[in-house]
Amino acid sequence: MAKSEPLSNVDAAWLGMEDPTNLMMVTGILTFKEVVDLEVIKEVLRKRFLKFDRFTQRIVQNRLPLAAPYWEDDEDFDLNAHIHRIALPAPGNQAALQELVSDLMSTPLDFTKPPWQMHLVENFGDGCAVIVRLHHAVADGMALIYVLLSLTDMTPEASLNHPEVVAEPKAAGTRGGMVGALFKQAGSTLRTTRRLTGRVVNEGLETLSNPSRAMDLAIQGTDAAVAAGRLVFRTPDPPTIFRGELGVSKRAAWSKPLRLKEVKAIKSITGTTVNDVLIAAMVGGLRRYMLARNQTVDGLNFRAAVPVNLRKQEEMGTLGNKFGIVYLSLPVGIADPFDRLQVVHKRMEQLKNTPEAAVAIGILNAIGMSPPEVQAQSVSMFASKATAVMTNVPGPPIPLYLAGKKIENLMFWVPQAGRVALGISILSYAGRVYLGVNTDTGLVPNPDEIINYFYEEFEALVDLVRQIEEEAAAKAPITAQININLASAADLDVLPGIGRTMAERIVAYREENGRFAATHDLIHVTGINESKLALIQDHITI
């Protein structure tokens, strides 16, 4: 008799959200400059992937009322039904690959089989691509990264050797066995890359991920009740061209790789984070897209639902869905790139201390136990609060190899639950950052335009950094300390890393709040962080 295991309530909730107009798939793409052999990939899957029961199990709907669906061994499992070799039509460029990804993103998985599929795409330039689709009931974006890491290694030779993975006894309340062993292998890869590079896996791509803090806040009854009230009674987002009735067809686009070094330079100068920089530039791209279509953006804010990883350190190698959701208000109405970045930073900081994420996963847990009609109403309620889903997943900081070939680029997309039409994905890999957009074709038929506008906004921030650096280089040496309680904006402008805009902000803060009691009080001025304060500390006094 086939083994079976019930889906968790949260995993069942994601399964229940499946709709022809919004498929609950996580989609990932890997590109290579060389052609990968199909038979070698199959061997990798047999040795590193198919040993683990989840990927040879299908989802079966329970016949009992209100009983959870369950995983069941697929006794007719055939690897050839899950991996396909196809050729990209001419000219075999990124545009053609995006068309293919868009088609697959619009095509449901076959639920009579284990809910995953892989395509080896040849004729992509001189190399190839691998597209992976995995149902959200199996894993979230963070787990997908671990799945992909388990198939890779740090050298071509090692990626062709497949060490035996020994299953360990399953402890009570944990996901063990072969699945647990898979993620121990992936975790080993992560730990080794950390040792080799001296950097954490996300290499500066800050994620909203503090499960202990989130859970602590949620346990505090008053905070949790207030957070739940905010989630449920928050007003719906305003109508925009990004909202409306969904269709079956979806569109995918992704950026050229951005150098993490450039993003970090903007972060350091502006006193923000890598995540803030990318989000602010993307918000600027959405603003430009709306203006190009004569849409009103003055004072406009709409929300992005942001998944928050709630795995504890010891749970980082587990499948399933272990994340909550917070809502980030996007300042689309702000035209100035610097001002917009500062507002994004302020709002992101406020989200880090909210229990909403842990409360949201509790609500998802309840949804998973509900009848289909209640699930549909609950999902619609959640979806009405947001215009976009914005996901940030850290990838490995060094290049990895799959089936003997170097992975050149990585990208992924998560589904948009309910009736949300716009998805934004941020991923770091090998010292570079990628940004992806997926949309409903009927509402946003050309996500490439949003990516192009994102480039313009990002370049505006790069230009700001260059301007500040050039001004700093041209400034005469500071021979005496500057009194920040008496200095004018022109006096403050000579400080290293402080341009005209920042100098005016310091004066405006002083006029509004009174004299600075200590030089460290400059930290309260928007745009000044500890590193920037350290840069000017020796040149200022009160």
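Treat the numbers as computed from the prediction; the structure is a model and nothing was measured. (Residues numbered from 1 in each chain as written. Predicted model: local features only at pLDDT ≥ 70, side-chain atom pairs only at ≥ 80, totals over all residues. Heavy atoms only, no water.)

Asks: Please set out the pairing of strand S7 (residues 127-135) residue by residue, giving values where relevant.
Replies: In terms of burial, S7 is largely enclosed, as nine of its nine residues are buried. Alternating residues of S7 divide into Gly127, Ala129, Ile131, Arg133 and His135 and Cys128, Val130, Val132 and Leu134, and every residue in both groups is buried. Here eight bridges tie strand S2 (residues 25-32) to S7, and the two strands are oriented antiparallel to one another. Looking across to S7, one finds that Thr31 is bridged to Ala129. Here strand S6 (residues 116-124) runs beside S7; their pairing, made up of eight bridges, is antiparallel. Of the residues in S7, the one forming a bridge with Met118 is Val132. In textbook terms, the turn of a hairpin is the stretch between consecutive antiparallel strands, and for S6 and S7 this stretch comprises two residues, one of which, Gly125, has a positive phi near 60°. (Buried < 20%, exposed > 50% of the residue type's maximum accessible area, 1.4 Å probe, protein only. Helix = DSSP H or I, 4+ residues; strand = E, 2+ residues; numbered from the N terminus. Pairing = 2+ DSSP bridges.)

Asks: Let's hear about the packing of aromatic side chains: which residues, and what values?
Replies: Inspection of every chain in the model, using the stated rule, returns eight aromatic pairs. Ring centres of Phe49 and Phe55 lie 4.1 Å apart, and the angle between their planes is 20°; this geometry places the pair in the stacked category. With respect to class, Phe49 is no different from Phe55; both count as buried. Between Phe242 and Phe302 the ring centres are 5.9 Å apart and the planes differ by 65°, which places this aromatic pair in the edge-to-face class. With Phe242 in the loop between helix H7 (221-233) and strand S8 (250-254) and Phe302 in strand S10 (residues 302-309), the pair connects residues that are 60 residues apart, well separated along the chain. Note on accessibility: Phe242 and Phe302 belong to one class, buried. Ring-pair connections join several aromatic residues into one group, and the members of that group are Phe49, Phe55 and Trp116. Here the guanidinium or amino end of Lys256 rests over the ring plane of Tyr455, the centre of that ring lying 4.7 Å away. Cation over ring: Arg293 sits above Tyr289, and NZ or CZ is 3.7 Å from the ring centre. (Phe/Tyr/Trp six-rings, centres within 6.5 Å; stacked < 30°, edge-to-face > 60°. Lys NZ or Arg CZ within 6 Å of the ring centre and 35° of its normal.)

Asks: I'd love a proper account of the pairing of S6, names of residues and values included.
Replies: The buried fraction of S6 amounts to seven of the nine residues, a majority that puts the element mostly inside the structure. Of the pairings in the sheet, the one linking strand S5 (residues 83-87) to S6 comprises five bridges and is parallel in character. Looking at S6, one finds that His84 is bridged to His119.

Asks: Account for the environment of Ala490, with residues named and values stated.
Replies: Locating Ala490 in the fold gives a position in helix H14 (residues 489-492). The spacing of Ala490 and Arg500 is 10 residues in sequence and 7.4 Å in space, taken between C-alpha atoms.

Asks: Describe the side chain of Ser106, and please don't skip the residues or the numbers.
Replies: Tracing the backbone through its elements, the reader meets Ser106 in the loop between helix H3 (94-105) and S6. A polar contact of 2.8 Å, which involves the side chain of Ser106, links it to the backbone oxygen of Ser102. Every residue in contact with Ser106, bar those within four places of it in the chain, is listed here: Leu23, Val248, Ser249 and Lys250. (Polar contact = N/O pair within 3.5 Å; in protein donor to acceptor, adjacent residues only side chain to side chain. Contact = heavy atoms within 4.5 Å.)

Purely geometric stuff here, so don't read any function into it on its own.
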